[in-house]
Amino acid sequence: VTTDHMRKLAAHALERVGFQLSRTADSYADLARALSGHEVTGIIDGGAAKGTETARLAELFPRATVYAFEPHPKAFAQLERRFKGSDRVKLFPVAISNAPGSADLHLSAKPTQTSLLQAVDPKMVTVATTRVEVTTVEALIGSGAIKKPQLIKLDLQGSELRALQGVGPAIRDVLGVLVEVSFRSRYAEGCLYHDVAAEMFRHGLHLYRLSDLHAHHSGAWKRADAVFLRADILDALFRTTERGRSRS
């Protein structure tokens, strides 16, 4: 039995109990479909990088303002060039976490691995650090800088849980969350999948599916994108699917 065959069998077994995963599924399209019919006027994009996902979110949710956060100086400069003059993408050269202040940003040789946390994976090389401003979503809402979001996307290299904790009471208005999750530690004090899932469950957001799965050559999972939905939205999706199957 080949490794690929075993993975397919495992995926099939998980899907039979309602747990979906995919290496190639489009998490952003998943969210757009799941939230169709719901009003999405504010989106948090934490870890916007070059803005590829920022643009995708703006395209899929045409009535929303996207609040894009990127503390990496070079990446933020690219964001400014890309979205210059946009009235739907608001840019913030700061990091989001669970408390305001400042922190060292550890710049990686691979920009997508840059983090507020120190890398513990020997393959991840930090080339420099720079001091950056840190804030919370709750503080930004309180100051009027942003409006309450209905959708949150986070790719913060281990700091995702802290950013979610910093949303505060506004988490009750969030309909969906797309977050990169890790199954093995890559950063000192970085959160893992079960940490994020527990926080989501505590606020009534349940796992919809995992996608963009990255695995070690041994077959062990390393990281993935996780989509969480408000429980009533997820329940409605299940009811729709069950009705469709009963007609076929």
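Each remark here, short or long, concerns the structure printed above.
How each quantity is defined
- Residues numbered from 1 in each chain as written.
- Predicted model: local features only at pLDDT ≥ 70, side-chain atom pairs only at ≥ 80, totals over all residues.
- Heavy atoms only, no water.
- Helix = DSSP H or I, 4+ residues; strand = E, 2+ residues; numbered from the N terminus.
- Areas by Shrake-Rupley, 256 points an atom, 1.4 Å probe, with all protein chains shown as cover.
- Salt bridge = Lys/Arg side-chain N within 4 Å of Asp/Glu carboxyl O.
- Buried < 20%, exposed > 50% of the residue type's maximum accessible area, 1.4 Å probe, protein only.
- Phe/Tyr/Trp six-rings, centres within 6.5 Å; stacked < 30°, edge-to-face > 60°.
- Core = buried A, V, L, I, M, F, W, Y, C linked by side-chain atoms within 4.5 Å.
- Contact = heavy atoms within 4.5 Å.
- Axes fitted to C-alpha atoms, helices over the stretch in contact; angles between N-to-C directions.
- Parallel < 35°, antiparallel > 145°, perpendicular 65-115°, else oblique.
- Left-handed = near helix turned anticlockwise from the far one by under 90°.
- Nonpolar A, V, L, I, M, F, W, Y, C, P; charged D, E, K, R; others polar.
- 1 Å grid on protein atoms, 1.4 Å probe; cavity = no way out; pocket = protein on both sides within 12 Å on 5 of 7 lines; lining within 4 Å.
- Points joined across faces, edges and corners; volume = space filled by probe spheres on them.
- Arc of directions from axis to C-beta.

(A) Region of interest: the overall build of the protein. A count of helices and strands for the protein gives 8 helices and 11 strands. When the accessible area of the protein is evaluated, it comes to approximately 13100 Å², of which 51% is carbon and sulfur surface.

(B) Highlighting the pattern of salt bridges. Applying the stated criterion across every chain, the model contains 11 salt bridges. Note that Arg131 is salt-bridged to Asp104, the shortest N-O span being 3.1 Å. With Arg131 in strand E7 (residues 126-135) and Asp104 in strand E6 (residues 101-108), this residue pair connects regions lying 27 residues apart in the sequence. Take Arg131: its relative accessible area is 52%, and that puts it in the exposed class. In this structure, the salt-bridge partner of Lys148 is Asp173, at a minimum N-O distance of 3.6 Å. Of this pair, Lys148 sits in the loop between helix H5 (137-143) and strand E8 (151-154) while Asp173 sits in the loop between helix H6 (160-165) and strand E9 (176-182), and the two are 25 residues apart along the sequence. Taking relative accessible area as the criterion, Asp173 reaches 33% and is therefore assigned partly exposed. Through salt bridges that share partners, Asp30, Arg33 and Arg209 make up one connected network.

(C) Fine view of the packing of aromatic side chains. What the rule picks out here adds up to 4 aromatic pairs. An angle of 15° between the planes, with centres 4.8 Å apart, marks the rings of Phe69 and Phe92 as stacked. Of the two residues, Phe69 sits in strand E3 (residues 65-69) while Phe92 sits in strand E4 (residues 89-92), which places them 23 residues apart along the sequence. The burial state of Phe69 is the same as that of Phe92; both residues are buried. Cluster of aromatic residues (ring-pair linked, three or more members): Tyr67, Phe69 and Phe92.

(D) Geometry of the nonpolar core. Counting residues in each nonpolar core, the largest one holds 34 residues, and the members touching the most others are Val177 and Phe228. Secondary structure elements with two or more residues in this core: E3, H5, E8, H6, E9, helix H7 (193-202), strand E10 (205-215) and strand E11 (221-230). For this core, the leading source of residues is H7, giving 4 residues. Apart from the residues lying within four places of it in its own chain, the contact partners of Val177 are Leu151, Ile152, Leu164, Met200, Leu205, Ala226, Val227 and Phe228. Counting 25 residues, the second largest nonpolar core, distinct from the first, contains Ala48, Leu57, Phe76 and Phe83.

(E) Representation of the packing of helix H2 (residues 27-34) against helix H3 (residues 52-60). Look at H2 against H3: their axes get within 10 Å of each other, and the N-to-C directions meet at 25°. When the axes of H2 and H3 are compared, the pair comes out roughly parallel. Judged by the sense of rotation from one axis to the other, the crossing of H2 with H3 is right-handed. Of H3, the residues touching H2 (which contributes Tyr28, Ala29 and Ala32) are Glu53, Arg56, Leu57 and Leu60. Among the residues making up the contact of H2 with H3, the classes are represented as 5 nonpolar, no polar and 2 charged.

(F) Geometry of empty space enclosed by the protein. Inspection of the entire model under this criterion finds 2 cavities of 30 Å³ or more. Each pocket or cavity is described by its volume, and for the largest cavity that value is around 40 Å³. What lines the largest cavity is simply His106, Ser108, Gln113, Ser115, Leu117, Ala119, Met124, Val125, Thr126 and Tyr187. Considering only enclosed or pocket space, the second largest cavity measures out at about 30 Å³ in volume.

(G) Spatial organisation of H3. Buried residues of H3: Thr54, Leu57 and Ala58, and no others. For H3, the buried positions fall inside an angular range of 100° around the axis, keeping them on one side. In this structure, the buried side of H3 is in contact with H2, strand E2 (42-46), E3, E4 and E8.

(H) A look at unusual backbone geometry. Look at Gln157: it is not a glycine, yet its phi comes out positive at around 50°. For Gln157, the position within the fold is in the loop between E8 and H6. What makes Gln157 buried here is its relative accessible area of 5%.

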